[in-house]
Amino acid sequence: MNNETPLLSVTGAGHRYGDRFGCRDVNFDLWPGEVLAVVGESGSGKSTLLGMLSQRLTLDEGSISYLTTRESSAGREDGTEFELLDLATLSEREVRRLWRTEWGFVHQNAAEGLRMHVSAGGNVGEPLMANGWRNYSKIRSEAEMWLRRVEIPSDRIDDAPATFSGGMRQRVQIARNLVFGPRLVFMDEPTSGLDVSVQARLLDLIRQLVAELGLAVVIVTHDLAVARLISHRTLVMKDGAVIESGLTDRVLDDPQAPYTQLLVSSILQG
Ligand SMILES: Nc1ncnc2c1ncn2[C@@H]1O[C@H](COP(=O)(O)OP(=O)(O)OP(=O)(O)O)[C@@H](O)[C@H]1O
């Protein structure tokens, strides 16, 4: 079932603000290990879509299913079984389980994703504790390993993100979101607001980690270069609707919708 069923399957999904839709009629499948970029101008519905997928906003029409894994109590040799969840019907407890064990969220603003006055090591160790890790020295060494992996100097482990640069904060946020081994990570403009050179290094790091860990990612960006660099497929949004989707290279090299052509050509000229 796991090889034939997408991790996330979105059908006719929409979210309404009052009597207006923030996004509507969104359809796509996301497979394990696949990176999907959601691009479009400001107000096109990217954040609404991400909010809806990640259960922060209600699903007001359509459906979203997610293929969860559970430790098997009996039966299968690899100890894992798969179950298709209808996200609209999940209990709060089940949603919390997904956030603790299978889903990560990297925010544009690190302050939303980190505890700014807790040490970097503490920020990365917390999700392990939430997953039942109790041995302090093991938690610390795992956190240290992850901070090294995201290129935080080892002498900064006991410092709080409040004292870090923007790029370092994002790297700690990434470590905090990957340390527990999620399968699906949502990213909301993770590199915007940083200097261009810092952005490039961070993107490289994200790309490397995502490939190494085989993560599925939905990344929202207004920057087509970000989509080009890290995504396999791209959805282009305008006025709350998906107006084009396909393999990223195809969408960016041979855009079919006039709006995508405009977006691509404005980058080339810009
Ligand atoms: N809380 C809200 N209440 C009412 N309307 C909203 C709200 N949030 C967003 N919208 C509307 O929904 C539409 C999509 O907005 P959304 O924020 O998803 O776009 P976006 O592509 O993420 O834009 P940006 O890149 O600026 O974040 C817009 O018309 C916006 O005005």
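Residues numbered from 1 in each chain as written. Predicted model: local features only at pLDDT ≥ 70, side-chain atom pairs only at ≥ 80, totals over all residues. Heavy atoms only, no water.

Trainee: Explain the overall build of the protein to me, and be specific about the residues and the numbers.
Mentor: Across its full length, the protein carries ten helices and ten strands. Dimensions of the protein, computed from the C-alpha atoms along their principal axes, are close to 55 × 50 × 35 Å. For the protein, contacts bridging at least 24 residues in sequence account for 66% of all contacts bridging at least 6. Summed over all atoms, the accessible surface of the protein reaches about 13000 Å², with 48% contributed by carbon and sulfur. Taking the 28 positively charged and 36 negatively charged side chains of the protein as two groups, their mean positions are separated by 5 Å. (Helix = DSSP H or I, 4+ residues; strand = E, 2+ residues; numbered from the N terminus. Contact = heavy atoms within 4.5 Å. Areas by Shrake-Rupley, 256 points an atom, 1.4 Å probe, with all protein chains shown as cover. Lys, Arg positive; Asp, Glu negative; His and termini not counted. Charge placed at Lys NZ, Arg CZ, Asp CG, Glu CD.)

Trainee: How would you summarise the sheet that holds strand β8 (residues 216–220) if you had to cite specific residues and measurements?
Mentor: Read from one edge to the other, the open sheet built from six strands follows the order β6-β7-β8-β3-β9-β10, with strand pairing classed as mixed. Each having just a single partner strand, β6 (103–106) and β10 (241–247) make up the two edges of the open sheet. The average undirected angle you get between the axes of adjacent strands in this sheet is 15 degrees. Pairing geometry for strand β3 (residues 35–39) and β8, over four bridges, is parallel. Bridging across to β8, Ala 37 finds its partner in Ile 219. (Pairing = 2+ DSSP bridges. Axes fitted to C-alpha atoms, helices over the stretch in contact; angles between N-to-C directions.)

Trainee: Requested: an account of unusual backbone geometry, with residues and values cited.
Mentor: Although it is not a glycine, Gln 55 sits at a positive phi angle of roughly 70 degrees. Of note, Gln 55 is situated in the loop between α1 (46–53) and β4 (61–71). Look at Gln 55 and you get partly exposed, because its relative accessible area is 27%. Look at Glu 151: it is not a glycine, yet its phi comes out positive at around 65 degrees. On the secondary structure map, Glu 151 appears in the loop between α5 (136–149) and α6 (166–178). Taking the relative accessible area as the measure of exposure, Glu 151 reaches 39% and is therefore partly exposed. (Buried < 20%, exposed > 50% of the residue type's maximum accessible area, 1.4 Å probe, protein only.)

Trainee: Got a sec to walk through the site of the ligand? Specific residues and values, please.
Mentor: Looking at the ligand, the residues that line it are Tyr 17, Arg 20, Gly 22, Glu 41, Ser 42, Gly 43, Ser 44, Gly 45, Lys 46, Ser 47 and Thr 48. Between the ligand and Tyr 17, the relevant distance is 3.4 Å, taken from a nitrogen atom to a side-chain nitrogen or oxygen of the residue. Within the contact set of the ligand, an oxygen atom lies 3.5 Å away from a backbone nitrogen or oxygen of Glu 41. Expressed as a share of its isolated accessible area of 630 Å², the protein-covered part of the ligand is 56%. Sorting the residues of the shell around the ligand by element identifies β2 (20–30) and α1 as the ones contributing at least two each. Looking at which element gives the most residues to the shell around the ligand, the answer is α1, with three residues. (Near = heavy atom within 4 Å. Polar contact = N/O pair within 3.5 Å; in protein donor to acceptor, adjacent residues only side chain to side chain.)

Trainee: For helix α2 (residues 92–101), give the residues involved together with the corresponding values.
Mentor: Those residues of α2 lying buried are Glu 94, Val 95, Arg 97 and Leu 98. When α2 is viewed along its axis, its buried side chains cluster within an angular range of 155 degrees and face the same direction. Projecting away from the buried face of α2 at angles above 90 degrees are the exposed residues Glu 92, Arg 93 and Arg 96. At its buried positions, α2 is contacted by β4, β5 (80–86) and β6. (Arc of directions from axis to C-beta.)

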